[in-house]
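Observations on chain architecture
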Amino acid sequence: MDDAHVGGPAPVPASVGILGRGRVGAVLARLARDAGLDVATASSADDPAEACTRDVVVLAIPLGRFRTLPAPLLRGRLVVDAMNYWWELDGARPELDDPTTSTSETVAAFLDGARVVKALNHASVWELENLALPAGHPDRRGIAVAGDDPGDRAAVAALVDALGFDPVDAGPLAAGVAFEPPTDAFGSDATAEELREMLARFPRSQRGRVVARARSRG
């Protein structure tokens, strides 16, 4: 695993549930199966119960529909938020455009009792489809991991590593704002080292200054 600071080594979760069968959900399911993991997927038309029993459940639906997620089934589960807010598609959503919080914190508040970790959202579909590489490959790309519990971050980091990417510790869930759109990290297809540099300079970016001002007033 690339980043020991994610929370120490952790075993790769044996099974993955994916809520969403769009392009992101489909490619993540393929990568997980290629890694030898047990995978269950569910679309919005399916019963999500089976997918929600897996060791890790990945949310790969449009973020604007997060209130349709089966919160009772996800209580106590390790949940990866791979969703993004697009006002062009989701419409104006003040709760998702609030600079005093990250979108993952909003999702976590709705999924009361779920152990939410932000990851896999900032990679382009093309990157996920084409740039998954073995550990140690010089062109391997980085994936940021943000969550409040170090053990949960470590488990998601192990999953990211198994999928073919280098996990990069981004800190607590609130820090997920540094790799939401629009930030330098989002869609950058960066190596782990490049991604760390992008996350480090986020506070000095235009979006970072907006977030800092809003949170200082809060």
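From a predicted model like this one, the values you see are computed outputs, not experimental measurements. (Residues numbered from 1 in each chain as written. Predicted model: local features only at pLDDT ≥ 70, side-chain atom pairs only at ≥ 80, totals over all residues. Heavy atoms only, no water.)

1. A word on the pairing of strand β4 (residues 78-81)
Here β4 shows a buried face lined by L78 and V80 and a second buried face lined by V79 and D81. Sheet topology note: the β4/strand β5 (residues 115-119) ladder contains four bridges and is parallel. Looking across to β5, one finds that V80 is bridged to V117. (Buried < 20%, exposed > 50% of the residue type's maximum accessible area, 1.4 Å probe, protein only. Helix = DSSP H or I, 4+ residues; strand = E, 2+ residues; numbered from the N terminus. Pairing = 2+ DSSP bridges.)

2. Comments concerning helix α6 (residues 150-163)
Spanning 14 residues, α6 covers 20 Å between terminal C-alpha atoms, matching the ideal 20 Å at 1.5 Å per step. Within α6, 11 of the 14 residues are buried, which leaves it mostly tucked inside the rest of the structure. For α6, the set of buried residues is D152, R153, A154, A155, V156, A157, A158, L159, V160, D161 and L163. Positioned one or two residues after α6, G164 has a phi angle of 115°, which is positive. (Expected span 1.5 Å × (residues − 1).)

3. Quick notes on the pairing of strand β2 (residues 38-42)
Pairing geometry for strand β1 (residues 15-19) and β2, over five bridges, is parallel. The partner of I18 across the bridge, within β2, is T41. On the question of chirality, the crossover connecting β1 to the parallel β2 by way of helix α1 (residues 23-34) is right-handed. (Right-handed = clockwise from strand over helix to strand, strands pointing away.)

4. Concerning the sheet that holds β2
One open sheet accounts for seven strands, arranged β2-β1-β3-β4-β5-β6-β7; its pairing is mixed. Both outer strands of the open sheet, β2 and β7 (166-171), are each paired with one neighbouring strand and no more. Strand-to-strand twist across the sheet, computed as the mean angle between neighbouring axes with direction ignored, equals 25°. Relative to β4, strand β3 (residues 56-59) is paired through four bridges, and the arrangement is parallel. Bridged to V56 within β4 is L78. The strands touched by helix α4 (residues 103-110) are β3, β4 and β5; relative to β5, the strand with the most contacts, the crossing angle is about 155°. (Axes fitted to C-alpha atoms, helices over the stretch in contact; angles between N-to-C directions. Contact = heavy atoms within 4.5 Å.)

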